[in-house]
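The primary structure of each chain is shown beneath.
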Amino acid sequence: MSTPVAAAQRAPVPMVVVGGYLGAGKTTLLNRLLERADGLRVAVLVNDFGEINIDAALIRTRSSDVLQLENGCICCSIGGRLAEALAAVGARPDRPDLLVIEASGVSDPVRIAQVGMLDPALQLNAILVAVDVQDVDEQLCDPLVGDMVRRQISGATALVLTKADLAGACATEKVAARVAGMAPGAVVLAARHGEIPLAVFIDAAASPRRPQGLLQAGGSWKSQAGNMAGMAEVGSFSYATRRCFDRQRLRQALRTLPVPLLRAKGIVRLGGQDSVQEVHVVGGRLRIASLHGARVSESVFVFIGCFTAMGREAILRCLEGALAAP
Ligand SMILES: Nc1nc2c(ncn2[C@@H]2O[C@H](COP(=O)(O)OP(=O)(O)OP(=O)(O)O)[C@@H](O)[C@H]2O)c(=O)[nH]1
């Protein structure tokens, strides 16, 4: 392994941080990049909220170079581990051509970029922030998460509008104007199911840099996130089972959960089917889609929200009611 000095003398690894609120489409962006990154060696560092890293599993179906950090907000709670993981990438004898960090939906991408910028082996290319056109207005008004979403958006060098296909052109234009005003200097572009020009990741010049203050920006995030967690107890819990789910019952259960949540995602096996499915609940909408090429021995779910013990149990009961007959 090379020494830190030797590592610093080689050309730095371009780094892109992908941020954005829960369910905004970060993993989709990353997977689309990996599908098209012909010959480009992309290392991916994924931080997820919850003890089961569903995102890393979803990305692993498309890349083998995936590093993962568990449990939420890399910038506040595991900054040291993030720095270590980044240093390990920079110290590799065969450095990747690109390092992409997927931030958790409740973290501040600027803080993550700051940690990376302290490492001379890395060079920040862009902070991409995914913005869900359908849900961002509601998120920005939400007393619980509004400040966090605003901060994520305002730290972007590129804002990637997602789900324009669902929201329509008119809503997309309105959101584009709104978020552009929150992040002056950021490029605003729309993604089609995660597809954006590769240059946005690869070419530093394609993303205008925040000219100043990057290292100062976002300084109060830690305390804000701390307050938020204390006030509202945003948390997560997971569920794993070796049994299969019944598709119809699972749909019904996830559409009628008795407890509000911020996000749910899972990788599940359905009774009578070989294929593995990915499951997403975002903004109350449910999507179940085949996860091609995946093989799993158990189904897993992560739920993110403000749950009481009773709420948690109610959700677990719903899930158990959706299991297929053994
Ligand atoms: N229709 C449509 N769906 C999208 C688009 N982008 C993402 N999605 C869907 O939105 C859901 C959430 O996408 P993810 O990529 O998992 O979102 P994420 O930001 O990684 O989610 P977290 O990691 O939980 O914060 C999935 O069901 C995606 O298929 C899009 O452009 N159009």
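Residues numbered from 1 in each chain as written. Predicted model: local features only at pLDDT ≥ 70, side-chain atom pairs only at ≥ 80, totals over all residues. Heavy atoms only, no water.

For the protein, the name recorded in an unreviewed UniProt entry is GTP-binding protein, with Delftia lacustris as its organism. Comment text from UniProt for the protein, heading Catalytic activity (unreviewed entry), reads "GTP + H2O = GDP + phosphate + H(+)". (UniProt positions renumbered as here; feature names shortened; annotations may be inferred.)

**Q** Looking at this structure, how should I read the site of the ligand?
**A** With respect to spatial proximity, 19 residues lie near the ligand, and among them Thr27, Thr28, Arg263, Lys265 and Arg287 are the closest. Backbone polar atom of histidine 193 to an oxygen atom of the ligand: 3.2 Å apart, as the coordinates give it. Between the ligand and arginine 263 there is a distance of 2.7 Å, counted from an oxygen atom to a side-chain nitrogen or oxygen. Breaking the shell around the ligand down by element, the ones donating at least two residues are helix H2 (26–36), helix H9 (164–167), strand S9 (263–269) and strand S10 (276–282). When residues of the shell around the ligand are assigned to their parent elements, the largest contribution, three residues, is made by H2. The residue makeup of the shell around the ligand includes at least three contributed by each of domain 1 (13–200) and domain 2 (235–322). (Near = heavy atom within 4 Å. Polar contact = N/O pair within 3.5 Å; in protein donor to acceptor, adjacent residues only side chain to side chain. Helix = DSSP H or I, 4+ residues; strand = E, 2+ residues; numbered from the N terminus. Domains from an automatic or database assignment.)

**Q** Where do I start with the domain arrangement of the protein in this structure?
**A** One frequent convention defines the size of an interface as the accessible area lost when the parts assemble. Splitting the protein by domain gives domain 1 (13–200) and domain 2 (235–322). Facing the 18 residues of domain 1 at the interface are 20 residues of domain 2. Interface area for domain 1 against domain 2, summed over the two sides, is near 1,600 Å², with a carbon-plus-sulfur share of 68%. At the surface where domain 1 touches domain 2, the tally comes to one salt bridge. With its nearest N and O atoms 2.8 Å apart, the salt bridge here joins arginine 285 to aspartate 135. (Contact = heavy atoms within 4.5 Å. Buried area = accessible area lost by both parts, 1.4 Å probe. Salt bridge = Lys/Arg side-chain N within 4 Å of Asp/Glu carboxyl O.)

**Q** I tried to follow the sheet that holds S10 on my own but got confused; where do I start?
**A** If you walk across this open sheet you meet the five strands as S8-S12-S9-S10-S11, and the pairing is antiparallel. Taken across any chain shown, the strands that pair with only one partner, and hence form the sheet edges, are strand S8 (234–241) and strand S11 (285–290). Averaged over all pairs of adjacent strands, the angle between their axes in this sheet comes to 15°, without regard to strand direction. The pairing of S10 with S11 spans six bridges and is classified as antiparallel. Its bridge partner being in S11, valine 282 is matched across the sheet by arginine 285. Packed on one face of the sheet, helix H13 (residues 247–255) meets S9, S10, S11 and strand S12 (299–306) and runs near 150° to S11. (Pairing = 2+ DSSP bridges. Axes fitted to C-alpha atoms, helices over the stretch in contact; angles between N-to-C directions.)

**Q** How do you make sense of the pairing of S10 when you look at a structure like this?
**A** Moving residue by residue along a regular strand, the side chains alternate between the two faces of the sheet. Burial runs high along S10: seven of the seven residues are buried. Here S10 shows no split at all, with Val276, Glu278, His280 and Val282 on one side and Gln277, Val279 and Val281 on the other all buried. Where S9 lies against S10, seven bridges are found, and the strand directions are antiparallel. Its bridge partner lying in S10, valine 268 is registered against glutamine 277. Counting the residues between successive antiparallel strands, the hairpin from S9 to S10 contains six residues, one of them, glycine 272, with a positive phi of roughly 80°. What sits between the antiparallel neighbours S10 and S11 is a turn of two residues, in which glycine 283 has the positive phi angle 55°. (Buried < 20%, exposed > 50% of the residue type's maximum accessible area, 1.4 Å probe, protein only.)

**Q** So what exactly am I meant to see when it comes to the pattern of salt bridges here?
**A** It is possible for side chains of opposite charge to pair when their charged atoms get near one another. Summed over all chains, the structure comprises eight salt bridges. One salt bridge connects glutamate 195 with arginine 36, and the closest N-O pair in it is separated by 3.9 Å. A residue pair is termed long-range when its members are at least 10 positions apart, and glutamate 195 in the loop between strand S7 (187–190) and helix H11 (199–202) and arginine 36 in helix H2 qualify at 159 residues. Here the salt bridges share partners, and the residues they tie into one network are Arg32, Glu35, Arg36 and Glu195.

**Q** Just to check I follow, could you spell out the UniProt feature "domain: CobW C-terminal" (unreviewed entry) in the protein for this structure?
**A** UniProt marks residues 234–323 with the feature "domain: CobW C-terminal" (unreviewed entry), using the numbering shown here. Secondary structure over residues 234–323 splits into 24% helix and 40% strand, and the C-alpha atoms at its two ends are 27 Å apart.

**Q** Please explain the state of the cysteines as it appears in this structure.
**A** By definition, a disulfide links two cysteine residues through a covalent bond between their sulfur atoms. Using the criterion set out here, one finds zero disulfides in the structure. With no disulfide of its own, cysteine 170 lies closest to cysteine 141 among cysteine sulfurs, the gap being 18 Å. (Disulfide = S-S within 2.5 Å.)

**Q** Even after reading the chapter, I still don't get the packing of aromatic side chains, so can you show me in this structure?
**A** Here a ring pair, both rings aromatic, is described through the centre-centre distance and the interplanar angle of the planes. Applying the stated rule across the entire model yields four aromatic pairs. Considering the side-chain rings of phenylalanine 237 and phenylalanine 307, the 5.1 Å spacing of their centres and the 80° angle between planes classify their relative orientation as edge-to-face. With a gap of 70 residues between them, phenylalanine 237 in strand S8 and phenylalanine 307 in the loop between S12 and helix H14 (309–321) connect regions that are remote in the sequence. Residue phenylalanine 307 is classed as buried on the basis of its relative accessible area of 9%. An angle of 25° between the planes, with centres 5.7 Å apart, marks the rings of phenylalanine 301 and phenylalanine 303 as stacked. The exposure classification of phenylalanine 301 matches that of phenylalanine 303, with both residues buried. By the ring-pair criterion, three or more aromatic residues cluster together here, those being Phe237, Phe245, Phe301, Phe303 and Phe307. (Phe/Tyr/Trp six-rings, centres within 6.5 Å; stacked < 30°, edge-to-face > 60°.)

**Q** It is not clear to me how the nonpolar core should be interpreted in this structure. Could you clarify?
**A** One broad trend across soluble globular proteins is that nonpolar side chains are buried collectively. Leu45, Leu99, Ile101, Val131, Ile153, Leu159 and Val179 are the most contacted members of the largest nonpolar core, which totals 51 residues. When residues of this core are assigned to their parent elements, the largest contribution, five residues, is made by strand S5 (residues 122–132). Formed jointly, this core draws a minimum of three residues from each of two domains, domain 1 (13–200) and domain 2 (235–322). Counting residues in hydrophobic clusters, the runner-up holds 26 residues, among them Val18, Leu29, Ala191 and Ile196. (Core = buried A, V, L, I, M, F, W, Y, C linked by side-chain atoms within 4.5 Å.)

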